[in-house]
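Here's the letter readout for the chains.
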Amino acid sequence: MALKEWRYEGGFHDLEAPDADCELCDHPDIRYQFEIRNRFTDAHLQIGSECINRFGISATGDDGEDLDAAGTRKKVSRDRRTLVEEARKKRVISVGRSILLEETWTAAKPACPS
Ligand SMILES: [Zn+2]
């Protein structure tokens, strides 16, 4: 595969569980998927963030320019941090919601007749 044809343009997803395979190297247990696009065929692959660096895939910068290896690494690690941070926030919200539900339930519980 000619990896020079592929670009990482900033598409990424959090699957919320590590249960996907990297579509480039078949590495299992991917949780954070990064999307790369073939500039000629428009095909897409969902791969692990470290594979972008490992296979030397270039990221596209904010102005549509190709980033060099250092720039790509910086962009990938920034995007990965964003994903991890969003996942952490989501977890805090869902924990907060279940505490709230429990409190509502306790408050609504009828008092035992004495
Ligand atoms: Zn991979």
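Only a predicted model underlies this, so the values are computations on that prediction, with no experimental measurement involved.

Some points on the overall build of the protein chain
So, point 1. Along the backbone of the protein chain there are two helices and four strands.
So, point 2. For the protein chain, the N- to C-terminal ordering of α and β elements is β-β-β-α-β-α.
So, point 3. Dimensions of the protein chain along its principal axes, counting C-alpha atoms only, are 80 × 30 × 20 Å.
So, point 4. When the 114 residues of the protein chain are sorted by exposure, 17% land in the buried category.
So, point 5. Sequence-distant contacts, at least 24 apart, represent 44% of the contacts inside the protein chain between residues at least 6 apart.

Notes on the sheet that holds strand β4 (residues 58–59)
So, point 1. Ordered by their spatial adjacency, four strands build an open sheet running β3-β2-β1-β4, and the pairing between neighbours is mixed. Every interior strand has two partners, whereas the edge strands, β3 (44–48) and β4, have only one.
So, point 2. Relative to β3, strand β2 (residues 32–38) runs antiparallel, the two being bridged by five bridges. When the bridges of β3 are listed, Phe-34 appears paired with Ile-47.

Digging into the pairing of β2
So, point 1. Both strand β1 (residues 6–14) and β2 contribute to a ladder of seven bridges, which runs antiparallel. Considered in β2, the bridge of His-13 is made with Gln-33.
So, point 2. Joining the antiparallel neighbours β2 and β3 is a turn of five residues, in which Asp-42 adopts a positive phi near 65°.

Topic: the confidence of the model for the protein chain
So, point 1. For the protein chain, per-residue confidence averages 90 on the pLDDT scale, and 94% of positions sit at 70 or higher.
So, point 2. The secondary structure element of the protein chain with the lowest average pLDDT is helix α2 (residues 69–108), at 88, and the one with the highest is β3, at 97.

Side note on the pairing of β1
Sheet faces and side chains relate simply in a regular strand, where the side chains alternate between the two faces.
So, point 1. Sheet analysis places β1 next to β4, joined by two bridges and oriented parallel. Within β4, the residue paired with Arg-7 across the bridge is Ser-58.

Let's talk about the nonpolar core
So, point 1. Formed by 13 residues in total, the largest nonpolar core has its most connected members in Tyr-8, Phe-34, Ile-36, Ile-47, Cys-51, Ile-52 and Ile-57.
So, point 2. When residues of this core are traced back to their parent elements, those giving at least two are β1, β2 and α1 (49–54).
So, point 3. In terms of residue count, the dominant contributor to this core is β2 (three residues).
So, point 4. Each residue touching Ile-47, except ones within four places of it in the same chain, is listed here: Cys-22, Glu-23, Leu-24, Phe-34, Ile-36 and Ile-52.

Quick look at the environment of Ala-70
So, point 1. The residue Ala-70 is located in helix α2 in this model.
So, point 2. Put simply, Ala-70 and Asn-53 are 17 residues apart on the chain and 9.3 Å apart in space, counted from C-alpha to C-alpha.

Thoughts on the environment of Ala-69
So, point 1. Relative to the elements of secondary structure, Ala-69 occurs in helix α2.
So, point 2. Taking C-alpha positions, Ala-69 is 19 Å from Phe-12, a pair spaced 57 residues apart along the chain.

Cut-offs used in this document
- Residues numbered from 1 in each chain as written.
- Predicted model: local features only at pLDDT ≥ 70, side-chain atom pairs only at ≥ 80, totals over all residues.
- Helix = DSSP H or I, 4+ residues; strand = E, 2+ residues; numbered from the N terminus.
- Buried ≥ 20, exposed ≤ 12 C-beta atoms within 10 Å, placed from the backbone.
- Contact = placed C-beta atoms within 7 Å.
- Pairing = 2+ DSSP bridges.
- pLDDT = per-residue confidence, 0-100.
- Core = buried A, V, L, I, M, F, W, Y, C linked by C-beta atoms within 7 Å.

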